[in-house]
Amino acid sequence: MLKVVNLTCGYQDKTVLSGVSFEAGDGEFLGVIGPNGSGKTTLLRAISRVIPPAVGRIFWKGEDIQKMPFKDLAKEVAVVSQSPALDGMTVEEFVLLGRIPYYRAFQFFEEKKDYRAAERAMELTGMSDFRGRTLNRMSGGEKQLALIARALAQEPKLLLLDEPTAHLDIAHQVRILDLVRKLNRDLGLTVMIVLHDLNLAGEYCRKLLLIEGGKVYRSGLAEEVLNYRDIRDVYKTPVLVEKNPVSLKPYIVLVSENPETEKDRNSDNLEGE
Amino acid sequence: MAFMLLAVCLVALCLGSAGIPVKKIFPLLLGGRGSTEYSILFDIRLPRIILGLAVGGGLALAGVILQGMFRNPLVEPYTLGISGGAALGVSLNIVFKFYKTLGVMTFPFFGFLGALAVIGILYLVNLRKATVRLQGLLLNGVMISFISSSLIMLMMSLSRAEDIHGIVFWIMGSLDEPNWFIIKITALAAVLLFLLSYLFCRDLNAFALGEEEAAHLGIPVERSKQFLFIIASLLAGFGVSSAGMIGFVGLVVPHFVRMFTGPDHRILMPASFLAGGAFLIFCDTLARTVISPVELPVGVITGILGGSFFIYALSRKGNS
């Protein structure tokens, strides 16, 4: 279980998160939403121990992550970050890097079990056929799958994803999130995912954490958090919240404050002719 | 790579102002003690080869470490001002004539002191709250190299002709080191530092993805950076203080080796160490033989050969 208690942290002179507390049970699918600059990515970075808390603590399975050895934490928590540097590595080489936490003190090369774990990770993500491809020659969607494969090679219990669908077309968005849902269901992975797209968040996440100005504004089931009043207040934008007729999950309809008028439509027609 | 090194060493043993054929080397090795050829081989050429291996290997390895750590292909031991500091130390020794009272050991000693001073300054300036800021380290290093070269020029402009000659000669770099003790120390340091650095090969592989990603993979990033920086600095410090400023090995050899081995540091590190040694011994052999018996500064050869070869290799890679 992930437990964040009164977390305050940030960078040098700037505090980004203040007094954030929440819990995510084992096997949870938790989405983090909020406007740009609200502290979503910072929250993931704190949980993956890239930045230390100024105040408060983060517990994983009852253990303070600041006190865990780096390697042990990497065996439990894997991160799919937004844009890591990807040199001329092949997919397989890249996925095998996920085995680094499992190396013993004077072990320099992979063992059979490492190859097995990488193989499984590539199979789960459908990357087996791409193993020899170099990463900088792959499309955005394929790269994202390779990132997830590397995270899975770590055999984690908690998977943190930072906007894995950014810049992807709708087919890839669905493919990536279907995969994450499958991992959550079949492997029992606890998932914490930062999403910008509220509709994807509503569709895939069981619970949501709405963050505003470094504080938790609302948390709970997706259906509860995605209500038009909270979304309007946090994003300062009027919206409508509807129900997806297929999945019965909430989805957001944008309402422009400056809607198209009859005149706009007419002038468009004239230009077209 | 090991075969290449062996071949280069053998050629280096044979060639010189007095040529010794390959087939004579082994009989000499077994029972030629006392002959002139034996002493040419083992008192003059072998020490140069050992020093070449240690310095060339050390500089190339330092280049691999720094390029991996900074994720910047242009970083080498010299960019960080370490060699500038060493040169400044040696220049001080020459100008203030400490060597006259304290002996020839002062040259490497002052060189090493200069290198250590730079490492210390860089470290203190850039170490904030136990995190090493890499960009700052790089910029400060470049500035320190400018400052030290300006100070050297200042000293040269104020000193007498013989001193200037001494400084220039040292700056050009040479493997001509008559003192076995210095050679042994340099070789021992190179081997020990290589073994130590190899413990960090996985860390360097993870660094290729960025520091944050490395942290996600369970690498204690700050501690690794500190160790790697000190190892690379010491490698460069030992090399520069015993053989002078031999440029380009640390920059070119890692790139060249990477074209063959790929970016995996587990292979890249030993391969670069061997290739750096082979390259420097090869350049030194050329320096000794091109217009023999006059000897060229080896730094000149490494620069010309390394630079042109690198441009050629890069353009071929670009075309293919």
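Read on for a plain summary of the structure. Keep in mind it's a predicted model, so treat the numbers as computed, not measured. (Residues numbered from 1 in each chain as written. Chains lettered and ligands numbered in written order. Predicted model: local features only at pLDDT ≥ 70, side-chain atom pairs only at ≥ 80, totals over all residues.)

Examining the nonpolar core
Here comes step 1: Val95(A), Ala149(A), Ile65(B) and Leu235(B) are the most contacted members of the largest nonpolar core, which has 160 residues in total.
Here comes step 2: Among the elements that make up this core, the one with the highest residue count is helix α3 (residues 36-70) of chain B (14 residues). (Core = buried A, V, L, I, M, F, W, Y, C linked by C-beta atoms within 7 Å. Buried ≥ 20, exposed ≤ 12 C-beta atoms within 10 Å, placed from the backbone. Helix = DSSP H or I, 4+ residues; strand = E, 2+ residues; numbered from the N terminus.)

Describing the sheet that holds strand β1 (residues 2-11) of chain A
All names here are of chain A.
Here comes step 1: The strand order across the open sheet built from four strands is β2-β1-β4-β5, with neighbouring strands paired in antiparallel fashion. On the outer flanks of this sheet lie β2 (14-24) and β5 (63-64), each paired with one strand and no other.
Here comes step 2: As judged from the five bridges shared by β1 and strand β4 (residues 55-60), these two strands associate in the antiparallel manner. Across the sheet, threonine 8 pairs through a bridge with valine 55, a residue of β4. (Pairing = 2+ DSSP bridges.)

Here's the deal with the interface of chain B and chain A
Here comes step 1: Chain B puts 18 residues into the contact, and the matching count from chain A is 21 residues.
Here comes step 2: Going through the elements one at a time, α10 (201-207) and α11 (211-216) of chain B are the ones with two or more residues in the side of chain B that touches chain A.
Here comes step 3: Along the lines of polarity and charge, the residues of the side of chain B that touches chain A split into nine nonpolar, four polar and five charged. (Contact = placed C-beta atoms within 7 Å. Nonpolar A, V, L, I, M, F, W, Y, C, P; charged D, E, K, R; others polar.)

Details of the sheet that holds strand β9 (residues 207-212) of chain A
Residues and elements named next belong to chain A.
Here comes step 1: Here six strands make up an open sheet; going across it, the order is β6-β7-β8-β3-β9-β10 and the pairing mixed. Each edge of the sheet is formed by a strand with only one pairing partner; in this case those strands are β6 (77-80) and β10 (215-221). On average, each strand axis in the sheet is tilted by 15° relative to the strand beside it, whichever way the strands run.
Here comes step 2: Bridge count for strand β3 (residues 29-33) against β9 is four bridges, and the pairing is parallel. Looking at β9, one finds that glycine 31 is bridged to leucine 208.
Here comes step 3: Set on the sheet, helix α6 (residues 170-186) makes contact with β3, β7 (158-162) and β8 (190-194); between it and β8 the angle comes to about 155°. (Axes fitted to C-alpha atoms, helices over the stretch in contact; angles between N-to-C directions.)

With respect to unusual backbone geometry
Residue and element names in this part refer to chain A.
Here comes step 1: Phi is positive for asparagine 6, which is not a glycine, with a value near 50°.
Here comes step 2: If you trace the backbone, asparagine 6 turns up in strand β1.
Here comes step 3: Backbone geometry at histidine 167 places phi at a positive 65°, although glycine is not the residue there.
Here comes step 4: Relative to the elements of secondary structure, histidine 167 occurs in the loop between β7 and α6.

Quick notes on the environment of Val142(B)
All names here are of chain B.
Here comes step 1: Take valine 142: it is sitting in helix α7 (residues 134-158).
Here comes step 2: As a C-alpha pair, valine 142 and phenylalanine 42 span 100 residues in sequence and 40 Å in three-dimensional space.
Here comes step 3: Sequence-distant contacts of valine 142, defined by excluding residues within four places in its chain, comprise Thr79 and Gly81.

Focus: helix α12 (residues 221-243) of chain B
Here comes step 1: Taking 1.5 Å per residue as the helical rise, α12(B) with its 23 residues ought to reach 33 Å, and the 33 Å between its terminal C-alpha atoms agrees with that figure.
Here comes step 2: Counted residue by residue, α12(B) has 18 buried out of 23 residues, so it is predominantly covered. (Expected span 1.5 Å × (residues − 1).)

Some remarks on helix α1 (residues 40-47) of chain A
All names here are of chain A.
Here comes step 1: The buried count for α1 comes to seven of eight residues, which makes it a mostly enclosed element.
Here comes step 2: Among the residues of α1, Lys40, Thr42, Leu43, Leu44, Arg45, Ala46 and Ile47 are the ones counted as buried.
Here comes step 3: Once α1 ends, the next one or two residues include arginine 49, with phi positive near 70°.

Regarding the packing of α3(B) against helix α13 (residues 249-261) of chain B
Residue and element names in this part refer to chain B.
Here comes step 1: Running from N to C, α3 and α13 point in directions that differ by 70°, and their axes come no closer than 7 Å. Classified by the angle their axes make, α3 and α13 are roughly perpendicular. Along the contact surface, α3 presents Gly56, Leu59, Ala60, Ala62, Gly63, Val64 and Gln67, while α13 presents Val249, Gly250, Leu251, Val253 and Pro254.
Here comes step 2: Each residue belonging to the contact of α3 with α13 can be placed in one class, and the counts come to eight nonpolar, four polar and no charged. (Parallel < 35°, antiparallel > 145°, perpendicular 65-115°, else oblique.)

Structural notes on the pairing of strand β11 (residues 239-243) of chain A
All names here are of chain A.
Here comes step 1: Bridge count between β11 and strand β12 (residues 250-254): five bridges; the pairing is antiparallel. Residue pairing across strands places glutamate 242 opposite tyrosine 251, the latter belonging to β12.
Here comes step 2: Linkage of β11 to β12, two consecutive antiparallel strands, is achieved through a turn of six residues, within which leucine 248 is found at a positive phi near 65°.

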